[in-house]
Amino acid sequence: FVAAGIRGDDNSAFGNDFGFVYYPSASLSWVVGEEAWFPELDFLSGLRLRTAFGTSGLRPGMRDAVTLYSPVTVALPDGDAPGVALNALGNPQLEPEKSTEIELGFDVGLFQDKLGIDFTYFNKKSKDALISRRLPGSLGLTTTVFANLGEIQNTGTELAVNWSAIQNETIGLNLGMTNTTLNNEVLELGEGVDDITLNRGQQRHKEGYSAGSFFQRPISWDDADGNGLLTEEEVSVGDDVKFMGVALPEWTRTFFADIRLLDWITISTLIEGRGGHKQIDYTENFRCGFRSTRGCDAVGDPNASLEKQAAYIADRYLGSGAGYIYDADFYKWREFSVTFDMPSYVTDYVRQMDGLRVTFAGRNLAVWTDYPGLDPEANEGGGGDNFGQSEFNTQPPVRYF
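The rules behind each value
- Residues numbered from 1 in each chain as written.
- Predicted model: local features only at pLDDT ≥ 70, side-chain atom pairs only at ≥ 80, totals over all residues.
- Heavy atoms only, no water.
- Helix = DSSP H or I, 4+ residues; strand = E, 2+ residues; numbered from the N terminus.
- Rg over C-alpha atoms; globule rule 2.2 N^0.38 Å.
- Buried < 20%, exposed > 50% of the residue type's maximum accessible area, 1.4 Å probe, protein only.
- Contact = heavy atoms within 4.5 Å.
- Pairing = 2+ DSSP bridges.
- Axes fitted to C-alpha atoms, helices over the stretch in contact; angles between N-to-C directions.
- Disulfide = S-S within 2.5 Å.
- Core = buried A, V, L, I, M, F, W, Y, C linked by side-chain atoms within 4.5 Å.
- Expected span 1.5 Å × (residues − 1).
- Polar contact = N/O pair within 3.5 Å; in protein donor to acceptor, adjacent residues only side chain to side chain.
- Patch = residues over 30% accessible without salt bridge, like charges linked within 9 Å, V, L, I, M, F, W, Y side chains within 5 Å.
- Areas by Shrake-Rupley, 256 points an atom, 1.4 Å probe, with all protein chains shown as cover.
- Salt bridge = Lys/Arg side-chain N within 4 Å of Asp/Glu carboxyl O.
- Phe/Tyr/Trp six-rings, centres within 6.5 Å; stacked < 30°, edge-to-face > 60°.
- Lys NZ or Arg CZ within 6 Å of the ring centre and 35° of its normal.

Enquirer: How would you sum up the overall build of the protein? Please name residues and give values.
Expert: Helices and strands together make up the secondary structure of the protein, namely four helices and 22 strands. Taken against the 2.2 N^0.38 rule, which gives 21 Å for 401 residues, the C-alpha radius of gyration of the protein at 28 Å runs more than 25% over that of a compact globule. Judged by the C-alpha coordinates and their principal axes, the protein covers about 85 × 65 × 55 Å. In the protein, which comprises 401 residues, the proportion classed as buried is 35%.

Shown next, in the form of structure tokens:
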């Protein structure tokens, strides 16, 4: 099976100096298991090999290329007068972020397709990446401007397994799992471009590292007198900023199941996990900044761990927030539902009713994590922040029924 296509875009969000852009793509798959020369195996019911190549683009935000002004009142000797002040600095040369991706994979059916395995390897490079670049205050402009900078690479794998374990008139049981890995790296920022910091300076885009990685001066401590209470002299901070961890999850996993009973009860559940990344707990940092005995364990709890005490001392007195950067691995019981399909002998007694289905469902029912903050998914930047990984008095994802 062969497919090919091309897409062309012109967008008003592009800069004035940029015109049309084209995105070609192609894919190829080969059902090897149907070839006459392929050996017949009892356990192998199907095999497909596939590959794909494609390009795509991410357009800038609708105002990123435009310089905007705000109305202000100017005090003159003769009275107030209307004026304007710079609100947002645009970039008239702004282009779309262009990505090129290559995929290789296979689909396998086993035991009369009761067990299906899909695997994909991907390699994606994005050039002219759209990044908010900080400007020096001496320019007298806004603090940031969007620009096309350098090159970012994403490589990884996607695995899906589906097992139709039991199928008969009484019961049906389907089980499955997925596993995705991701390796992200900033290959190039651009000529003459220094590291780009974000999230109050805790994260940065740096060549050779994952985008938005955490960098801070590392902290260490030694409870010399063994009394369980650290002093400023027992905590030290490194002289240089070091890599502390990545912000983008390096793996994502799901486990799901659904059970059918007697054609009128269906039970479904889903567990999801992510990990390999870090998150900074600005909520705890904020409370400890006020030396709140009610909110900050390092101040109010005499049994607080040495790790929390060192984090507080290093942040407040030694200028390093590394102690509030935590592992953000988690698993969540994401969904559970029970559905009742009323039998026909029940619905037949109600006129103009062909069927009745009643569902009880819940979401975000439980979380398993060592992250000490409110929630490892709480993100103060919301869905619009691709790289910022922090919470700051942020409402976590809600549990609902």
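Now that the structure has been shown, the text picks up again.
Enquirer: An account of the side chain of Ser-29 is requested, with residue identities and associated values reported.
Expert: Locating Ser-29 in the fold gives a position in strand E2 (residues 21-30). Overall, the relative accessible area of 13% leaves Ser-29 in the buried class. Beyond its immediate sequence surroundings of up to four residues, Ser-29 is in contact with Phe-1, Arg-48, Leu-49 and Arg-50.

Enquirer: An account of the environment of Leu-248 is needed here, citing residue identities and associated values.
Expert: Examined against the element boundaries, Leu-248 turns out to sit in the loop between strand E15 (242-245) and strand E16 (251-261). Beyond its immediate stretch of four places on either side in the chain, Leu-248 contacts Asn-184, Ser-210, Ala-211, His-277 and Asn-386.

Enquirer: Describe the sheet that holds strand E11 (residues 203-205), listing the residues and the values that go with them.
Expert: Reading across the sheet, the four strands line up as E10-E11-E12-E15 and stay open at both edges, with antiparallel pairing between neighbours. Of all strands in the sheet, those with a lone pairing partner are strand E10 (196-198) and E15, marking the two edges. Each strand axis lies, on average, 45° off the axis of its neighbour in the sheet, ignoring direction. With three bridges connecting them, strand E12 (residues 213-216) and E15 associate as antiparallel partners. Across the sheet, residue Phe-214 finds its bridge partner in E15, namely Gly-245.

Enquirer: So what's going on with the pairing of E16? Which residues, and what values?
Expert: Sheet topology places strand E9 (residues 171-188) next to E16; eleven bridges connect them, and they run antiparallel. Among the inter-strand pairings, Met-177 is bridged to a residue of E16, identified as Phe-255. In this structure, E16 lies alongside strand E17 (residues 265-275), joined through eleven bridges in antiparallel fashion. Each residue of the ladder has a partner; that of Thr-252, found in E17, is Arg-274.

Enquirer: Tell me what's going on with the state of the cysteines, and back it up with residues and numbers.
Expert: The term disulfide refers to a covalent linkage connecting the sulfur atoms of a pair of cysteines. Counted by the stated rule, this structure contains one disulfide. Disulfide pairing is shown between Cys-288 and Cys-296; the S-S distance is 2.0 Å. The chirality of the disulfide connecting Cys-288 with Cys-296 is right-handed, given an S-S dihedral of about 90°. Accessibility assignment for this pair places Cys-288 and Cys-296 in one class, buried.

Enquirer: Tell me about the nonpolar core, and please be specific about residues and values.
Expert: Of all hydrophobic cores here, the largest spans 20 residues; its most connected members are Val-235, Ile-280, Tyr-312 and Tyr-324. Of all elements in the fold, only strand E14 (235-237), helix H1 (282-289), helix H3 (306-317) and strand E19 (325-327) reach the threshold of two or more residues within this core.

Enquirer: Can you break down unusual backbone geometry residue by residue, with the values?
Expert: A positive phi is found at Asp-128, a non-glycine position, where the angle reads about 55°. Relative to the helices and strands, Asp-128 resides in strand E7 (residues 115-134). Backbone geometry at Arg-200 places phi at a positive 60°, although glycine is not the residue there. Within the secondary structure, Arg-200 is located in the loop between E10 and E11.

Enquirer: Which residues make up H3, and what values do they have?
Expert: Helix length check: H3, at twelve residues, gives a terminal C-alpha distance of 16 Å against a target of 16 Å (1.5 Å per residue), a fit within 8%. Contacts made by the buried residues of H3 are with strand E13 (219-221), E14, H1 and helix H2 (297-300).

Enquirer: Summarise H1; cite the residues concerned and give the values.
Expert: Looking only at H1, the buried set comprises Tyr-282, Thr-283, Glu-284, Asn-285 and Cys-288. Looking at the buried positions of H1, the neighbouring elements they touch are strand E18 (278-281), H2, H3 and strand E22 (390-391). The residue sitting at the N-terminus of H1 and contributing the capping side-chain oxygen is Asp-281; that oxygen lies 3.2 Å from the backbone nitrogen of Thr-283. Positioned one or two residues after H1, Arg-291 has a phi angle of 55°, which is positive.

Enquirer: Give me a nonpolar patch on the surface: which residues, what numbers.
Expert: A cluster of nonpolar side chains, contributed by Leu-262, Trp-264, Phe-340, Met-342, Tyr-345, Val-346, Leu-356 and Val-358, occupies part of the molecular surface with about 690 Å² of accessible area. Within the secondary structure, Phe-340 sits in strand E20 (residues 330-341).

Enquirer: Tell me about the side chain of Gln-279, residues and numbers included.
Expert: Within the fold, Gln-279 resides in strand E18. At 3.4 Å, the side chain of Gln-279 forms a polar contact with the side chain of Tyr-371. Once residues within four sequence positions are removed from consideration, Gln-279 is found in contact with Phe-214, Tyr-324, Ile-325, Tyr-326, Ala-328, Tyr-371, Asp-375, Pro-376, Ala-378, Gln-389, Ser-390 and Glu-391.

Enquirer: Hey, could you go over the packing of aromatic side chains for me, with residue numbers and the actual values?
Expert: Aromatic ring pairs are reported here in terms of the distance separating the ring centres and the angle at which the planes meet. One pass over the structure, following the stated rule, counts 15 aromatic pairs. Centre to centre, the rings of Phe-215 and Phe-243 are 5.7 Å apart; their planes meet at 65°, and the pair counts as edge-to-face. Of this pair, Phe-215 sits in strand E12 while Phe-243 sits in strand E15; the two residues are 28 residues apart in sequence, bridging distant segments of the chain. In this structure Phe-243 comes out as partly exposed when scored by relative accessible area, which is 38%. On the basis of an interplanar angle of 80° and a centroid distance of 6.2 Å, the ring pair of Tyr-326 and Tyr-371 is categorised as edge-to-face. A residue pair is termed long-range when its members are at least 10 positions apart, and Tyr-326 in strand E19 and Tyr-371 in the loop between strand E21 (357-369) and E22 qualify at 45 residues. Given the relative accessible area of 5%, Tyr-371 is considered buried. Members of the aromatic cluster, connected to one another through ring pairs, are Trp-30, Trp-37 and Phe-38. Seen from the ring of Phe-392, Arg-200 lies directly overhead, with NZ or CZ sitting 5.3 Å from the centre. The aromatic ring of Phe-330 is capped on one face by Lys-332, whose charged end is 5.7 Å from the ring centroid.

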